[in-house]
Amino acid sequence: MPDANVRIPAETRDRLAEVAAAEHLSLRAYLARLADTLLTPTERAERAEQARQKLQAWNGYNPDATNTRQLDAELDRRLAQAGGQ
């Protein structure tokens, strides 16, 4: 596969190179590993749907959109509280 050039600020490049070096990786290897571990929005949605289906099959859990929004708001509130915000 051919290499590609990505334009980013030098400070960002240097920081990423420092993080990569701390893990004994080249910047190229670090970015390749990072890309392999991240999910696209489509992949995240697919996994969320799979998890919902498994929870429903296991214990009947199947929240509607309103319930999901309420649960998300509660999670956000608790995370903010834990973070001291």
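No experiment lies behind these values; they were computed from the predicted model shown.

Caption draft 1: Structural context of the overall build of the protein. Broken down by element type, the protein carries four helices and zero strands. Secondary structure elements in the protein, listed N-terminal to C-terminal, are α-α-α-α. Principal-axis analysis of the C-alpha atoms gives the protein an extent of 50 × 40 × 25 Å. The burial tally for the protein puts 2% of its 85 residues in the buried class. Taken as a whole, the protein presents about 7700 Å² of accessible surface, with 55% of it coming from carbon and sulfur.

Caption draft 2: Structural view of the pattern of salt bridges. Scanning the model with the defined rule gives six salt bridges in all. Arg13 is the salt-bridge partner of Asp14, the closest N and O atoms lying 2.8 Å from each other. Judged by its relative accessible area of 42%, Asp14 falls in the partly exposed class. Among the salt bridges present, the one from Glu74 reaches Arg78, with a minimum N-O distance of 2.7 Å. A residue pair is termed a helical-turn pair when its members lie 3 or 4 positions apart in one helix, as Glu74 and Arg78 do in helix 4 (residues 65–82) at four residues. For Glu74, a relative accessible area of 29% puts it in the partly exposed group.

Caption draft 3: Seen up close, the packing of helix 1 (residues 10–22) against helix 2 (residues 27–37). At their nearest, the axes of helix 1 and helix 2 sit 9 Å apart, and the two run at 85 degrees to each other. Judged on the interaxial angle alone, helix 2 and helix 1 are roughly perpendicular. Facing helix 1, whose interface residues are Arg13, Leu16, Ala17, Val19 and Ala20, helix 2 presents Leu27, Tyr30 and Leu31. Looking at the contact of helix 1 with helix 2, its residues break down into seven nonpolar, no polar and one charged.

Caption draft 4: Highlighting the confidence of the model for the protein. With 99% of its residues at a pLDDT of 70 or more, the protein has an overall mean of 93. Here helix 4 is the element of the protein with the lowest mean pLDDT, 92, and helix 1 is the one with the highest, 97.

Caption draft 5: A nonpolar patch on the surface, seen in detail. Together, Leu55, Trp58, Tyr61 and Leu71 give the surface a local cluster of nonpolar side chains, amounting to about 430 Å² of exposed area. Along the chain, Trp58 turns up in helix 3 (residues 41–59).

Caption draft 6: View of helix 4. The end-to-end C-alpha distance of helix 4 is 26 Å, a good match for the 26 Å that 18 residues give at a rise of 1.5 Å each. N-cap assignment for helix 4: the residue whose side-chain oxygen lies 3.3 Å from the backbone N of Thr66 is Asp64.

Scoring rules and cut-offs
- Here, residues in each chain are numbered from 1, in the same order as that chain's written sequence.
- In keeping with the model being predicted, local features are shown solely for residues with a pLDDT of at least 70 and side-chain atom pairs are shown and tallied solely at 80 or more, while totals for entire chains, interfaces and linings include all residues.
- Hydrogens and water molecules were not included; the side-chain quantities draw on all heavy atoms of the structure.
- In DSSP terms, a helix is any run of H or I states spanning at least four residues, a strand is any run of E spanning at least two, and both are numbered starting from the N terminus.
- Remark: exposure states derive from per-residue accessible area (1.4 Å probe, protein chains only) relative to the maximum for the residue type, with buried under 20%, exposed over 50%, and partly exposed in between.
- Here the accessible surface of atoms and residues is derived via Shrake-Rupley with a 1.4 Å probe, and residues count as covered only by protein chains that are part of the display.
- The term salt bridge refers to a pairing of a side-chain nitrogen on Lys or Arg with a carboxyl oxygen on Asp or Glu at a separation within 4 Å.
- For helices, the fitted line uses only the C-alpha atoms of the stretch in contact; every axis is such a line through C-alpha atoms, and the angle between N-to-C directions lies from 0 to 180 degrees.
- Reported orientations rely on four angle classes, namely roughly parallel under 35 degrees, roughly antiparallel over 145, roughly perpendicular from 65 to 115, and oblique for the rest.
- Two residues form a contact once any of their heavy atoms are found within 4.5 Å.
- When residues are sorted by character, Ala, Val, Leu, Ile, Met, Phe, Trp, Tyr, Cys and Pro go into the nonpolar class, Asp, Glu, Lys and Arg into the charged class, and all the rest, Gly among them, into the polar class.
- pLDDT expresses how confident the predictor is about each individual residue, on a scale running from 0 to 100.
- Residues enter a patch when their relative accessible area is above 30% and they make no salt bridge; the linking distance is 9 Å between like charges and 5 Å between nonpolar side chains (Val, Leu, Ile, Met, Phe, Trp, Tyr).
- A helix is expected to span 1.5 Å multiplied by its residue count minus one.
- In protein, a polar contact means a hydrogen-donor-capable atom and an acceptor-capable atom, both N or O and within 3.5 Å, with residues adjacent in sequence counting only if both atoms are side-chain atoms; elsewhere, any N or O pair within 3.5 Å suffices.

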